[in-house]
Amino acid sequence: MYGKVTLVGAGPGDPGLLTLKGREALEAAQVVVYDRLVSPAVLALAPEEAERIDVGKRSAHHPVPQERISQILLEKAAEGRRVVRLKGGDPFLFGRGGEELELLEAHGVPFEEVPGITSAIAVPAYAGIPVTHRDMTSSLHIITGHARQGKELDIDFQALVRTKGTLVFLMGVTSLPQICAGLLEAGMDPETPAAVVERGTLPTQRKVTATLSTLARRAREAAVSSPAVSVFGPVCALSGRFDWFSALPLKGRRVVVTRPRERGGTLAGRLRALGAEVLECPCIRTERICPCPQAEAALEKIGAYQWAAFTSPAGVEALWALLEEKGLDARALGGVSLAAIGAGTARALSGHGLRADYVPEVYDAAHLGAGLAERATGPVLILRAEEGSPALTAALEGAGVPFEDVACYRTRYESEHAGEIRALARAGELDLVTFTSASTVRGFAASLGGGDLSGLLGVCIGEQTAAEARRHGIPAVVARKATIDALTEAVVAAAGEKGAADTSRDGREG
Ligand code: SAH
């Protein structure tokens, strides 16, 4: 029995432009065969265990020939697996989707096609260009600017100019001078507004606006490279007024997210939605201490504690792993009151059906300690990392509240991305770095392995994190509150202030 092949359009780059149906197919995939223009964030939606096959094509040399791609799809389907063929934009628009289906159809392999948002329309849209407008044009033409090897462009420019429609060229960076010359010769007004948009819908999008007569030169000066779409027609004149994407507060900014990936999702997503290019470089990893005699002993006499305090979701999960190993569940905690350092930790508790009895207003160790000191009359069990902040225990000590500080997990300072971070730092290409704990600062500094960090700006979740950043020579600002919302706000504010001093990275924009 053949498995099914689903041809899925991944959209032009912004991972948010994948369709719901495409996402469903990806989440159920056993094999994903993907192209060069597919965004890593889209690819990440496939299950971790799915086989991933990169058949990315580059314009001059084709590493995987088309016939071979069709063959791979057939082979994987013959293994009875659910195969997703993921293609940039829409699979049937200059995507060779049809060619790939031919072999499948001939062998009776079941297949489906999930259309995607095409770059031909979405990329102009992200550059503030509506491809049609009632007062300006009544048709849209999408043309390939790619000439078959060794051949001239096979385009009827006269016919195109006669339509008076908006003309969108894909795959036309190399041939842009010929395209412009062809349109001019065919009688198009040299003053016709025109634009070329590179890496559209991505944080690194660049746009060059000009006229038909100046576009080729302006694009060359700006060193525009593939992928890019070129647009010709009066609608291009709207791009200044409607350019919502360039106006996003973090557009053109690179922001490093250092927290562990399993919890990094929301912050990275929020920053991307504001236009930032986000580098997810988890610099720490938490690892349960196992075996953990101290935690086991504490669990055995859990009834002796009045409070249990958690300073991170990792502490909650470590306790849970231990309970499960012992064949226990939430009932084992009995009447112990629960304190969580912040909303994230409280959420981790509620994930196990437990409500936090106390969460301090300011989410840090000192405030957690002070709050507990006011509330606790009996012993407090602290379940946290090996090198927990002394502020928590100092507050309890000061108030004479008995406590037991149990290390149930440790932080490993390591990053798969250390090399990448170091290279960017050396090139002066790192700018804003977010820190959600003192340990992320230590992990980041360790990844960089020394050097002058004074050119960076650390945007920190709290005072203690900022103090750690400053200790490593990283200038730091602190979020108004220890929440992801406030941290995001602080990044926007910092970008605004730092932007004036730096020559912004999208300075080449036309
Ligand atoms: N099926 C795709 C097009 C494939 S041809 C679609 O529907 O979008 C590849 C061409 O698409 C590139 O040469 C470029 O012209 C265009 N393209 C794709 N992604 C792009 C992007 N993010 N920005 C600009 N152009 C893009």
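For the structure, see preceding data.
Anyway, here's the lowdown on the structure attached to this text. (Residues numbered from 1 in each chain as written. Predicted model: local features only at pLDDT ≥ 70, side-chain atom pairs only at ≥ 80, totals over all residues. Heavy atoms only, no water.)

**Structural notes on empty space enclosed by the protein**
The final tally for this structure, using the stated rule, is two cavities of 30 Å³ or more. Put simply, the largest cavity is a space of about 50 Å³. The greatest single-element share of the lining of the largest cavity, amounting to three residues, is contributed by helix H11 (residues 313-325). When its residues are assigned to classes, the lining of the largest cavity shows eight nonpolar, no polar and one charged. Approximately 30 Å³ is the volume found for the second largest cavity. Forming the walls of the second largest cavity are Ala295, Ala298, Leu299, Ile302, Leu319, Leu322, Leu381 and Leu383. Looking at the lining of the second largest cavity, the elements that each hand over two or more residues are helix H10 (293-300), H11 and strand E16 (380-385). Residue classes in the lining of the second largest cavity are distributed as eight nonpolar, no polar and no charged. (1 Å grid on protein atoms, 1.4 Å probe; cavity = no way out; pocket = protein on both sides within 12 Å on 5 of 7 lines; lining within 4 Å. Points joined across faces, edges and corners; volume = space filled by probe spheres on them. Helix = DSSP H or I, 4+ residues; strand = E, 2+ residues; numbered from the N terminus. Nonpolar A, V, L, I, M, F, W, Y, C, P; charged D, E, K, R; others polar.)

**A short note on the layout of surface pockets**
Approximately 1200 Å³ is the volume found for the second largest pocket. Looking at the second largest pocket, it is lined by 45 residues, and the ones nearest its centre are Thr311, Ser312, Ile341, Thr436 and Ser437. It is helix H17 (residues 463-471) that provides the largest number of residues to the lining of the second largest pocket, a total of five residues. Here the lining of the second largest pocket is composed, by residue class, of 15 nonpolar, 18 polar and twelve charged. Taken together, domain 3 (254-283 + 414-508) and domain 4 (286-413) each give at least three residues to the lining of the second largest pocket, which thus spans both. (Domains from an automatic or database assignment.)

**Quick word on the nonpolar core**
Counting 32 residues, the largest nonpolar core has Phe310, Leu319, Leu333, Leu338, Leu349, Leu381 and Leu383 as the members making the most contacts within it. Mapped by element, the contributors of at least two residues to this core are H10, strand E14 (307-310), H11, strand E15 (337-340), helix H12 (343-350), E16 and strand E17 (403-413). Among the elements that make up this core, the one with the highest residue count is H11 (seven residues). Not counting residues up to four positions away in its chain, the partners in contact with Leu319 are Leu299, Phe310, Leu333 and Leu383. Of all hydrophobic cores here, the second largest spans 24 residues; its members include Leu167, Ile179, Leu212 and Ala222. (Core = buried A, V, L, I, M, F, W, Y, C linked by side-chain atoms within 4.5 Å. Buried < 20%, exposed > 50% of the residue type's maximum accessible area, 1.4 Å probe, protein only. Contact = heavy atoms within 4.5 Å.)

**Observations concerning the site of the ligand**
Inspection of the region around the ligand gives 18 residues, with Leu93, Thr118, Ser119, Gly200 and Ala228 positioned closest. When the ligand sits alone it has 550 Å² of accessible area, and the protein chains cover 92% of it. Those elements that provide at least two residues to the shell around the ligand are helix H5 (119-126) and strand E10 (228-232). Of the residues in the shell around the ligand, the class split is eleven nonpolar, five polar and two charged. Mapped onto the domain boundaries, the shell around the ligand takes at least three residues apiece from domain 1 (4-117) and domain 2 (121-242). (Near = heavy atom within 4 Å. Areas by Shrake-Rupley, 256 points an atom, 1.4 Å probe, with all protein chains shown as cover.)

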